[in-house]
Amino acid sequence: MMELLTDPQVWITLVTLSAIEIVLGIDNLVFISIAVSKLPPHQREVARKFGIAVACITRIMLLLTLAWLAGLTSDLFTLFGQGISVRDLVLILGGVFLLVKGTKEILELVKGEPDSEDVHTRPAASFAGVIAQIAVIDIVFSLDSVIAAVGMANHTPVMVAAILLAVAVMLLAARPLGQFIDNNPTIKMLALAFIVAVGAYLLLDGFELHIPKGYLYGAMGFSAVVECLNLWAKKRASLRMLRE
């Protein structure tokens with residue numbers, strides 16, 4: 001252990017892996033914020049923190065079992081002429097889950113609710129159900145980052161430490177992000193569109209139809225910039241109305 005602490009290469013790897021976990025965990029924070037919004041206000045903060053803690057455990061479990069899963073590259077069966085392995089199956093099922101979940105949430109936003117209904121009167125998601133969703137979605141979202149961690153680091157403690165650091169950042173950022181999304185409904189729609197896009201990406205990747213991640217992140221980044229400009233323009237218009 002002392003050799004790990006005194007090795008500069010280990011610290012460089014730790015910082016790099018932590019940055020990867022944090023960047024790739026942004027999607028997870030978005031989903032957590034959307035998931036807990038289904039709960040009554042007084043349960044949201046507890047569900048957010050507890051869900052992130054559970055997600056941390058599932059991510060570490062995924063990390064510890066990935067070496068075994070990585071060896072299961074043999075085809076389990078053939079679908080549409082394409083061999084499907086355990087890893088492919090995880091990606092396909094995860095992609096389908098994101099597509100269904102994101103589409104369902106978008107339809108609910110488009111349909112809207114009567115003004116008289118709020119989280120206290122309409123049926124809310126169960127606390128346990130939201131925690132389960134967060135745990136499942138973390139496995140899906142963290143698959144790429146965990147695979148990257150296994151490929152970059154040779155020591156399990158370094159990979160676990162990187163995950164713990166990323167989760168600590170998530171705990172600090174989850175509440176502000178959740179409040180921002182709640183106060184800006186258009187951001188929630190954009191976030192759901194991102195979830196659908198990621199689901200489609202995972203589904204295609206599971207069938208060995210690889211799309212460069214740069215295209216996905218580029219589209220997300222451009223959409224985010226456009227939405228920021230819209231929010232800025234809306235804020236300036238509101239200020240002008242107040243001055244008049």
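Under an unreviewed UniProt entry, the name given to the protein is TerC family protein, and the source organism is Pseudoxanthomonas mexicana. In its Sequence similarities (unreviewed entry) section, the UniProt entry covering the protein states "Belongs to the TerC family."

Next up on the list: unusual backbone geometry. Trans peptide bonds make up most of the peptide bonds, and negative phi angles are found at most residues other than glycine. Phi is positive for glutamate 208, close to 65 degrees, though the residue is something other than glycine. Counting through the fold element by element, glutamate 208 comes out in the loop between helix H8 (185-206) and helix H9 (213-243). With relative accessibility at 33%, the residue glutamate 208 sits in the partly exposed group.

Another aspect to go through is the confidence of the model for the protein. Per-chain confidence: the protein averages 75 in pLDDT, with 76% of residues scoring 70 or above. Looking at the elements of the protein, mean pLDDT is at its lowest for helix H1 (residues 2-6), recorded as 58, and at its highest for H9, recorded as 85.

Here the UniProt feature "transmembrane region" (unreviewed entry) sits at residues 12-37, 49-70, 76-100, 121-143, 155-174, 186-203 and 215-233. Span residues 76-100 is 60% helix and 24% strand, its end C-alpha atoms 25 Å apart. In residues 186-203, the share of helix is 100% and the share of strand is 0%. The end C-alpha atoms are 26 Å apart.

The next point concerns the environment of leucine 171. Among the structural elements, leucine 171 can be located in helix H7 (residues 156-183). With a relative accessible area of 40%, leucine 171 lands in the partly exposed category. In this structure, the C-alpha to C-alpha distance between leucine 171 and alanine 53, residues 118 residues apart in sequence, is 8.7 Å. With residues near it in sequence (within four places) discarded, leucine 171 still touches Lys49 and Ile52.

Let us look at H8. For H8, spanning 22 residues, the distance from its first C-alpha to its last is 32 Å, which sits close to the expected 32 Å at 1.5 Å a residue. Following H8 by one or two positions, glutamate 208 adopts a phi angle in the positive range, close to 65 degrees.

Attention shifts here to helix H5 (residues 86-111). Each α-helix turn comprises 3.6 residues. Residues three or four places apart therefore point the same way. Its 26 residues give H5 an end-to-end C-alpha distance of 38 Å, which sits within 8% of 38 Å, the value for a rise of 1.5 Å per residue. Those residues of H5 not exposed but buried are Asp88, Leu91, Ile92, Gly94, Gly95, Leu98, Lys101, Gly102 and Glu105. One or two steps after H5, the chain reaches glycine 112, where phi turns positive at roughly 75 degrees.

Core analysis: the largest hydrophobic core is formed by 40 residues, its most contacted members being Leu98, Ile134 and Leu202. Secondary-structure elements contributing two or more residues to this core are helix H2 (8-24), helix H3 (26-36), helix H4 (41-70), H5, helix H6 (127-152), H7, H8 and H9. The dominant element in this core, judged by the number of residues it contributes, is H8, at 8 residues. Setting aside residues no more than four positions away along its own chain, leucine 202 makes contact with Leu91, Ile92, Gly95, Leu98 and Val140.

What counts, and where the lines are drawn
Residues numbered from 1 in each chain as written. Predicted model: local features only at pLDDT ≥ 70, side-chain atom pairs only at ≥ 80, totals over all residues. Heavy atoms only, no water. UniProt positions renumbered as here; feature names shortened; annotations may be inferred. Helix = DSSP H or I, 4+ residues; strand = E, 2+ residues; numbered from the N terminus. Buried < 20%, exposed > 50% of the residue type's maximum accessible area, 1.4 Å probe, protein only. pLDDT = per-residue confidence, 0-100. Contact = heavy atoms within 4.5 Å. Expected span 1.5 Å × (residues − 1). Core = buried A, V, L, I, M, F, W, Y, C linked by side-chain atoms within 4.5 Å.

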